[in-house]
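# Architecture and fold: a report
Next come the chains, spelled out residue by residue.
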Amino acid sequence: MQPIVNDFFCGCGGMGVGFLNAGYKIAGAWDFDKYAVQSYDHNVGHHVKQADIKEMTWQDVPFAHVWAFGFPCQDLSVAGKQAGLLLKCQDCDSDFAIDPSNFTGQTTCPSCGSKNYKAASRSGCFYEIMRLIDETREHAPSSLPAVLVAENVKGLTPYIPVLTAELKQRGYIAHVKLYNSKFWNVAQNRERYYIAATRDDLPDVLQMPEQNEDPEKVPKLSLFLDDNVPERFYIPNEKAQKIIEQALKRLEALGKVHATITPDRIEKRQNGRRAKDDEDPMFTLTAQDLHGVIIQTEEDDENGVIVSEICTETGLLDPNGCGKPLRVGGGGALTKKHNYQHILLSTSE
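Residues numbered from 1 in each chain as written. Predicted model: local features only at pLDDT ≥ 70, side-chain atom pairs only at ≥ 80, totals over all residues. Heavy atoms only, no water.

### Points about helix α3 (residues 126-139)
- Here α3 spans 20 Å end to end across 14 residues, near enough to the 20 Å set by a 1.5 Å rise per residue.
- A large share of α3 lies buried, amounting to ten of its 14 residues.
- Inspection of α3 places F126, Y127, E128, I129, M130, R131, L132, I133, E135 and T136 among the buried residues, and these make up the whole buried set. (Helix = DSSP H or I, 4+ residues; strand = E, 2+ residues; numbered from the N terminus. Expected span 1.5 Å × (residues − 1). Buried < 20%, exposed > 50% of the residue type's maximum accessible area, 1.4 Å probe, protein only.)

### Some points on the pattern of salt bridges
- If you walk through the whole model with that rule in mind, you get eleven salt bridges.
- Here D93 makes a salt bridge to K88, at a shortest N to O gap of 3.8 Å.
- Exposure remark for K88: the relative accessible area of 27% places this residue in the partly exposed category.
- For K88, the salt bridge identified is with D95, shortest N-O distance 2.8 Å.
- By relative accessible area, D95 is classed as exposed at 54%.
- A single salt-bridge network, built from bridges that share partners, covers K88, D93 and D95. (Salt bridge = Lys/Arg side-chain N within 4 Å of Asp/Glu carboxyl O.)

### Section: the side chain of R131
- The residue R131 is located in helix α3 in this model.
- Beyond its immediate sequence surroundings of up to four residues, R131 is in contact with I53, K54, M56, T57 and K118. (Contact = heavy atoms within 4.5 Å.)

### Considerations on the sheet that holds strand β4 (residues 66-69)
- Strand order in the open sheet formed by seven strands is β3-β2-β1-β4-β8-β10-β9, and the pairing between neighbours is mixed. Strands with a single pairing partner mark the edges of an open sheet, and in this sheet they are β3 (48-50) and β9 (172-180). The sheet shows a mean angle of 15° between the axes of neighbouring strands, direction not considered.
- Sheet topology places strand β2 (residues 25-31) next to β3; three bridges connect them, and they run parallel. When the bridges of β3 are listed, A29 appears paired with V48.
- The strands touched by α3 within the sheet are β1 (4-8), β4, β8 (147-153) and β9, with β4 carrying the most contacts at an inclination of about 160°.
- Along the sheet face, helix α4 (residues 160-169) touches β8, β9 and β10 (191-199) and points at about 150° away from the line of β9. (Pairing = 2+ DSSP bridges. Axes fitted to C-alpha atoms, helices over the stretch in contact; angles between N-to-C directions.)

What follows is the structure in C-alpha cells.
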C-alpha cells in the first residue's frame, strides 16, 4: 500500500516534495499564506488549501500514515524577536509563554489552570498540531498517524524537552536530530532540527540518518550556477567594466576585504567563522546581527577584534548615530536593524 502524508504549514512545498520523492501520496496540505499556497498548487499539487490551523478541526484532516509539520520558526529563530511559544487561554483570555526552564511536563494556564488554549504566536502553532492529535484520538482514533515529522530552527534547542514531553503525553516516542544542510549537498550553512515521533503502540524501528561531516563533501555554490545563462541576465559589458574599475580602485584603498557578521561584537550568534572567504556558505540575514565587510590589517589587540575606523561614505554607519538605511528597489528602505554596515576592523580571526 502506498504510504500517505498530510503536509501542515506546507509553505511552497519543501516537505511535500521530499515525501513525493520518497514515494508518498499527499492527502492534504495547508498553509495560511496565500502566495505560498499558490506556489504549492503550481509546483506540487492542487490538493493544497489556504487555512488557519487555529480554525481547523479533526474533521478537516484526512487519514494519513504521517503528519509532517515544519511549524513556524519566526519566534524561535535568531532572525526574529525570539518571542518563543506563546499561548492564549480560551477560558480566562490571558496570554502565557512556555518557560522551558520551569516546564513541569504539563501545559496549563498559569492563571486559571485550564488546558483549553490556542496559539498566540506563530511558533506556538506547534500546540495546534497537538490539539488536532487530541481531537483525532477522541473522535477518530483509527485515523491517528503512525508517525509525526516536525522541523524547525536551532533556536528550538531549549524547547526540545518540552516538545518531547508533549509528544510522549500523546503516545509518541520522539527521535531528535540536529542537521546542517551543508552536509546534505546544499551550498548553505543552515542548521535545522528534525523530530520524528513514532506511536508507542507500534514497533519502534525508526533510525534517524547520520550526516557525513566531511568538510571535503560540502558543495560550493558555484556548482549550482548555470553555465549557459541568457544574455538578458548579464550586465552590459560597458557597465560591467566600469563597475570592475570602481571596485579595483576601492580595493587599492581598502586592502583585503571579506564579508563579515557582527563586526562590532566579540560574541556572535551564528555558527562558523565570522569572516567569510570566497565560496564559503554565507550567513543568514538576521534582525540582531549586523553585516558588513571586514578589512584585515597587520594591527591586532588582545581581544582579537577592534574597530579602527568607520567609513564616512554616504549611506554607511555613522559612529555617532544609527546610519542611513540602504535603499532597495521600488524606493523602499531596509530598517536600521537590517542595515548593511561597512566597518574597518583589525582582526586575528
